[in-house]
Amino acid sequence: MPRFSYVNGRYVPHAEAAVHIEDRGFQFADGVYEVISWIGGHFADEVGHLDRLERSLREMRIAQPMPRRALQLVLREFIRRNRLKDAYVYIQVTRGVAPRDFKFPQEDVRPSLIVSAIGRPSFDIAARKKLLKKAVTVPDIRWKRRDIKTTSLTAQVLAKQTAVDRGAYEAWMVDDEGFITEGSSTNAWIVDKKGTLITRPTDHNDILKGVTRNAIQALCKKEGVKLVERAFTPAEAYKAKEAFITAATTLVMPIVEIDGHKIGDGRLGNLTEKILDFYFAYAADEKRRQERWTPK
Ligand code: PDD
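Overview of the structure. Quick caveat: nothing in here was measured; it's all calculated off a predicted structure.

Our focus in this paragraph is unusual backbone geometry. For residues that are not glycine, phi is negative in most cases, and the peptide bond is trans in most cases. At Arg83, a position not held by glycine, the phi torsion is positive, near 50°. Within the element layout of this structure, Arg83 appears in the loop between helix H3 (68-82) and strand S4 (87-94). On the basis of relative accessible area, Arg83 is assigned to the exposed category, the value being 64%. Even without a glycine there, the phi angle at Asn205 is positive, about 65°. With respect to the secondary-structure elements, Asn205 resides in the loop between strand S10 (197-199) and helix H6 (211-223).

The next thing to look at is H3. End to end, H3 covers 21 Å across 15 residues, agreeing with the expected 21 Å (1.5 Å per residue, within 8%). Those residues of H3 that fall on the buried side of the exposure criterion are Leu71, Gln72, Val74, Leu75, Phe78, Ile79 and Asn82. Looking straight down H3, one finds that the buried residues subtend no more than 160° of arc, so they occupy a single side. Considering only its buried residues, H3 is in contact with strand S1 (4-7), strand S2 (10-13), strand S3 (31-38), helix H2 (46-60), S4 and strand S5 (112-118). Looking at the residues trailing H3, positive phi occurs at Arg83, about 50°.

As a further point, take the packing of aromatic side chains. The tally for this structure, following the rule as stated, stands at 8 aromatic pairs. Taken together, a centroid distance of 4.6 Å and an interplanar angle of 70° make the contact between Trp38 and Phe43 edge-to-face. No difference in accessibility class separates Trp38 from Phe43, as the two residues are buried. For the pair Tyr88 and Phe123, a centre-to-centre distance of 6.0 Å together with 85° between the ring planes defines the contact as edge-to-face. One end of the pair, Tyr88, is in strand S4; the other, Phe123, is in the loop between S5 and helix H4 (125-129), with 35 residues separating them in the sequence. Relative accessible area serves as the criterion here: at 12%, Tyr88 is assigned to the buried category. Look at Phe123 and you get buried, because its relative accessible area is 10%. When the ring centre of Phe104 is taken as origin, the NZ or CZ atom of Arg95, which lies over that ring, is 3.7 Å away.

Parameters at a glance
- Residues numbered from 1 in each chain as written.
- Predicted model: local features only at pLDDT ≥ 70, side-chain atom pairs only at ≥ 80, totals over all residues.
- Heavy atoms only, no water.
- Helix = DSSP H or I, 4+ residues; strand = E, 2+ residues; numbered from the N terminus.
- Buried < 20%, exposed > 50% of the residue type's maximum accessible area, 1.4 Å probe, protein only.
- Expected span 1.5 Å × (residues − 1).
- Arc of directions from axis to C-beta.
- Contact = heavy atoms within 4.5 Å.
- Phe/Tyr/Trp six-rings, centres within 6.5 Å; stacked < 30°, edge-to-face > 60°.
- Lys NZ or Arg CZ within 6 Å of the ring centre and 35° of its normal.

This is the structure in structure tokens:
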């Protein structure tokens, strides 16, 4: 089946999709991005991702490439042309193409917008429950504005590769005070011995305000799950009853070993399973909402 990507106003065969070598995303990582799951015919948390994209653009002082409604139409046309059932949709906006110079280019330089599909996701809940992953901890060597979803991901690339080299799936990054910030591309959660869910707060801009995290936070409130927002250390995580990660890609993924320490009994924990069920039910409900959705 032909595969298309969207590049600055055109749907082009994926193999030919390209940007200029002086795109500031290419030379300075001067851009922002989002990943949204397209699950069986609908976007998961579309509004949250588009809100965060617009916020990242504002924080980076990059102009919005088009109004939200227009972008939503581009995303749907992209899905239609690729006949996608399940996918991770990647959206990237950079400051545009200009001769290499650190300061911002002239105002008439338009931001670049690309949309492509990445990975081959499986959104089968039963299969998801069997994916039990390991994590390792690594120092967090990133810049301080981790709330902005920039394409500057070198620290995360190194962290993830360290995890893979150590036989794990994810790297949990640790700040200078010895607390876990988040995963290289996920938010980190633990459940303590009393059954309280713990995750780091997002109000200091030192981690990404995960859209999946937000949805789960709201679901926990609704379902009466006790959630405490506070930083936790690796030592605390080793002793946790359960652990998991969340992201648009991983959704809710159990972590059963951290730095070689078995978490709980090394199997899918009860609360993690409950949250996975909540999240999938919520995503299915969002599908019903989107079936009625028409761009205004
Ligand atoms: N990453 N923390 C970091 C550092 C991330 O890169 C991500 C997402 C998350 C989870 O955010 P959300 O729930 O909104 O996806 C947390 C995406 C999926 C990526 O880079 O592929």
